[in-house]
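Architecture at a glance
Here is what each chain is made of, one letter per residue.
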Amino acid sequence: MKYKSVIFDLDGTLLNTIADLGNAVNQALVRMGFPTWTMEEYRWKVGNGVMKLFERSLPDDKRTPIYINKVKELFTPYYETHGRDETRPYDGIPELLSSLTAHGVRVAVASNKYDAAVRKLIPHYFPEVGWSAVCGNREGVPVKPDPAIVNTIMEEGGMQRADTLYVGDSNVDMQTAHNAGLAACGVTWGFRPRAELEAEHPEYVVDRPEDILGIVLGRE
């Protein structure tokens, strides 16, 4: 076995959340009298935490703390109610997680999504997975690509950098892995294209969840 632990990003890696995120922001923008965006456009706005998502979604001349906080105020209760309307695991992800844990591999989640939402989504979609840690963004903790959240997960779980793999779907994730001193694995089924992943020179880029199992077990 090449890796004993795998830390996953959430949005765009384990779950396809883009429709519920986009719908929640769009309803806030409508209520504020601002233009909305397509789901394809939202693929380029997510990845750096919800506050950055709100900022990127506002008109250029409205990207101020007052308007950003207003979007947050309107987004949060809506997303709490509708955050699972269209969100689904990517094909093959439940099977991958089951196989990893069956082989004794520790699995964890490190997300820039706010922590309360992460802790609501993970047990809903993956109730049978024995997670070593599930961490979203918390107040006072810098978002990825800062490695703080990953370092916390590793310290609390007793994970070693040499045998831990970080998996994500964006340049932010690849940078996070490198900043934490971990091998990076980019996935092409998420929100960003292969070219963005490859530009960060990850150790691996995969097209299917089952490819990750092969990497972890040293069969790639």
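Up top is the structure these notes are about.
Below, the structure is looked at part by part. (Residues numbered from 1 in each chain as written. Predicted model: local features only at pLDDT ≥ 70, side-chain atom pairs only at ≥ 80, totals over all residues. Heavy atoms only, no water.)

**Brief notes about the overall build of the protein chain**
Counted only if it meets this: Only runs of H or I of at least four residues qualify as helices and only runs of E of at least two qualify as strands under DSSP, and these elements are numbered from the N terminus. For a compact globule the rule gives 2.2 Å times the number of residues to the power 0.38, and the radius of gyration it is set against comes from C-alpha atoms. Exposure classes here rest on a 1.4 Å probe applied to the protein chains alone. A residue is buried below 20% of its type maximum, exposed above 50%, and partly exposed in between. Any two residues having at least one pair of non-hydrogen atoms within 4.5 Å are treated as being in contact. The Shrake-Rupley method, run with a 1.4 Å probe sphere, supplies the accessible areas, and residue values consider only the shown protein chains as cover. Charged residues are defined here as Lys and Arg on the positive side and Asp and Glu on the negative side; His and the ends of the chain fall outside this count. All charge positions are set by atom: Lys at NZ, Arg at CZ, Asp at CG, Glu at CD.
Check the secondary structure of the protein chain and you find 10 helices and 8 strands. For 220 residues, the compact-globule formula gives about 17 Å, and the C-alpha radius of gyration of the protein chain, at 17 Å, lands near that figure. Of all 220 residues assigned to the protein chain, the portion counted as buried reaches 51%. A sequence separation of at least 24 residues applies to 65% of the contacts in the protein chain between residues at least 6 apart. A total accessible area of about 9800 Å² is found for the protein chain, and carbon and sulfur atoms account for 49% of it. Between the mean site of the 24 positive side-chain charges and the mean site of the 31 negative ones, the protein chain shows a separation of 3 Å.

**A few points about the packing of aromatic side chains**
Heads up, the condition is: Two aromatic rings, drawn from Phe, Tyr or Trp (for Trp, its six-membered ring), form a pair once their centres lie within 6.5 Å of each other, and the interplanar angle then sorts them: stacked below 30 degrees, edge-to-face above 60, tilted otherwise.
Scanning the entire structure with this criterion turns up 6 aromatic pairs. With a centroid separation of 6.3 Å and 85° between ring planes, the pair formed by Tyr 3 and Tyr 204 is classed as edge-to-face. You can see Tyr 3 sitting in the segment before β1 (5–8) and its partner Tyr 204 sitting in strand β8 (residues 204–206), a full 201 residues away along the chain. Judged by its relative accessible area of 5%, Tyr 3 falls in the buried class.

**A few points about the side chain of Ser 170**
Along the chain, Ser 170 falls in the loop between β6 (164–168) and α8 (171–179). On the basis of relative accessible area, Ser 170 is assigned to the buried category, the value being 6%. Apart from residues no more than four positions distant in its own chain, Ser 170 is found in contact with Arg 192, Glu 196 and Leu 197.

**Brief notes about the environment of Ile 18**
Checked against the element boundaries, Ile 18 lands in helix α1 (residues 18–32). Through-space distance from the C-alpha of Ile 18 to that of Asn 171 is 17 Å; in sequence the pair is 153 residues apart. Sequence-distant contacts of Ile 18, that is, excluding residues within four places in its chain, are made with Met 39, Tyr 42, Arg 43, Val 46 and Phe 191.

**Quick look at unusual backbone geometry**
With an omega of 20°, the peptide bond running from Lys 144 to Pro 145 counts as cis. Tracing the sequence through the fold places Pro 145 in the loop between β5 (133–137) and α7 (148–157). Of note in the backbone geometry, His 201 takes a positive phi value of approximately 55° without being a glycine. Taking the relative accessible area as the measure of exposure, His 201 reaches 65% and is therefore exposed.

**A word on the sheet that holds β5**
Note the cut-off: In this analysis, strands are considered paired if DSSP registers two or more bridges between them. Where helices are involved, their axes are fitted lines through C-alpha atoms of the stretch in contact, as for all axes, and angles between N-to-C directions lie from 0 to 180°.
Pairing is parallel across the open sheet formed by 6 strands, whose spatial order is β5-β4-β1-β6-β7-β8. Edge strands, defined here as strands with exactly one partner in the open sheet, are β5 and β8. Strand-to-strand twist of the sheet, defined as the mean angle between neighbouring strand axes without regard to direction, takes the value 20°. Inspection of the sheet shows strand β4 (residues 106–114) paired to β5 by 4 bridges, in the parallel sense. Paired with Ala 110 across the two strands is Cys 135, which belongs to β5. Across the sheet, α7 lies against β1, β4, β5 and β6, angled at about 150° from β4, the strand it touches most.

**Digging into the nonpolar core**
The condition that has to hold: We define the nonpolar core as a collection of buried residues of types Ala, Val, Leu, Ile, Met, Phe, Trp, Tyr and Cys that are connected through side-chain atoms lying within 4.5 Å of one another.
Ranked by size, the top nonpolar core spans 57 residues in total, and within it Phe 8, Leu 14, Leu 100, Phe 126, Trp 131, Leu 165 and Ile 212 carry the most contacts. When residues in this core are grouped by element, the largest group, 7 residues, is from α1. Beyond its immediate chain neighbours, meaning those up to four positions away, Phe 126 contacts Leu 14, Leu 15, Pro 89, Ile 93, Pro 94, Leu 97 and Trp 131. Formed by 17 residues, the second largest nonpolar core is a distinct cluster that contains Ala 110, Ala 133, Ala 177 and Ala 184.

**Quick notes on the packing of helix α3 (residues 50–57) against helix α4 (residues 65–82)**
Two quantities define a packed helix pair, namely the angle between the helix axes and the distance between the axes. So the rule is basically this: Note on terminology: angles under 35 degrees are roughly parallel, angles over 145 are roughly antiparallel, angles of 65 to 115 are roughly perpendicular, and the others are oblique. By definition, any crossing whose near helix is turned counterclockwise from its far helix by less than a right angle is left-handed, and any crossing with a clockwise turn is right-handed.
Two elements in contact, α3 and α4, have axes whose closest approach is 9 Å; the angle formed by their N-to-C orientations is 115°. With respect to their mutual orientation, α3 and α4 come out roughly perpendicular. Considering the relative orientation of α3 and α4, their crossing is right-handed. For the pair formed by α3 and α4, the contact residues are Met 51, Phe 54 and Glu 55 on the first element and Ile 68, Asn 69, Val 71, Lys 72 and Phe 75 on the second.

**Description of the pairing of β5**
Stated formally: Crossover handedness is defined here as right-handed if the route from the first strand over the helix to the second strand goes clockwise, with the strands pointing away from the viewer.
Most of β5 is tucked away, with 4 of its 5 residues classed as buried. At this point the chain moves from β4, through helix α6 (residues 115–125), to the parallel β5, and the crossover so formed is right-handed.

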